[in-house]
Amino acid sequence: MISITQQRDKCIGCNYCVEVAPDRWRMSKKDGRSTLLEAKERRGFWHIKVSDHEWDANDAAAKLCPVKIIQVKQL
């Protein structure tokens, strides 16, 4: 199991996360920021726990993010 966290308010809309992990990320048409699909918001951070098979794509998204607002951790 892995945990993915995003600080969405600081997103600059670069689209890298969507390109490398399209099953988990989408760009919002409303504000141009990325959305972590199926995540829950708490105090400005969006969280979701997913299975290990999503590690590679989401770890790549975290590493490519120019503002470093995505964190992926093994649980």
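Scroll up to find the structure.
Residues numbered from 1 in each chain as written. Predicted model: local features only at pLDDT ≥ 70, side-chain atom pairs only at ≥ 80, totals over all residues. Heavy atoms only, no water.

Draft legend 1. Spatial organisation of the sheet that holds strand β4 (residues 40–42). The sheet built from 4 strands is open, its strands ordered β4-β5-β1-β6 with antiparallel pairing. Bordering the open sheet on either side are β4 and β6 (70–74), each of which pairs with just one other strand. Strand-to-strand twist of the sheet, defined as the mean angle between neighbouring strand axes without regard to direction, takes the value 25°. Pairing of strand β1 (residues 2–6) with strand β5 (residues 45–50) involves 5 bridges; the strand directions are antiparallel. Counterpart to Q6 in the pairing with β5 is W46. On the sheet, helix α2 (residues 55–64) packs against β1 and β6 and is oriented at approximately 145° with respect to β6. (Pairing = 2+ DSSP bridges. Helix = DSSP H or I, 4+ residues; strand = E, 2+ residues; numbered from the N terminus. Axes fitted to C-alpha atoms, helices over the stretch in contact; angles between N-to-C directions. Contact = heavy atoms within 4.5 Å.)

Draft legend 2. Highlighting the pairing of β1. In terms of burial, β1 is a largely internal element, 5 of the 5 residues being buried. A two-sided burial pattern is seen for β1, the buried positions comprising I2, I4 and Q6 on one face and S3 and T5 on the other. The sheet contact formed by β1 and β6 spans 5 bridges and is antiparallel. Residue I4 lies in a different strand from β6, and its bridge partner there is V72. (Buried < 20%, exposed > 50% of the residue type's maximum accessible area, 1.4 Å probe, protein only.)

Draft legend 3. Representation of the pattern of salt bridges within the structure. Scanning the entire structure with this criterion turns up 3 salt bridges. Note that D31 and R8 form a salt bridge whose closest N and O atoms lie 2.8 Å from each other. Of the two residues, D31 is situated in the loop between β2 (25–27) and β3 (34–36) and R8 in the loop between β1 and α1 (16–20); the sequence distance between them amounts to 23 residues. According to the relative accessible area criterion, R8 is buried, its value standing at 13%. A salt bridge links D59 to K63, with the shortest nitrogen-to-oxygen separation between them at 3.0 Å. Here D59 and its partner K63 are both found in helix α2, 4 residues apart, which amounts to about one turn of the helix. (Salt bridge = Lys/Arg side-chain N within 4 Å of Asp/Glu carboxyl O.)

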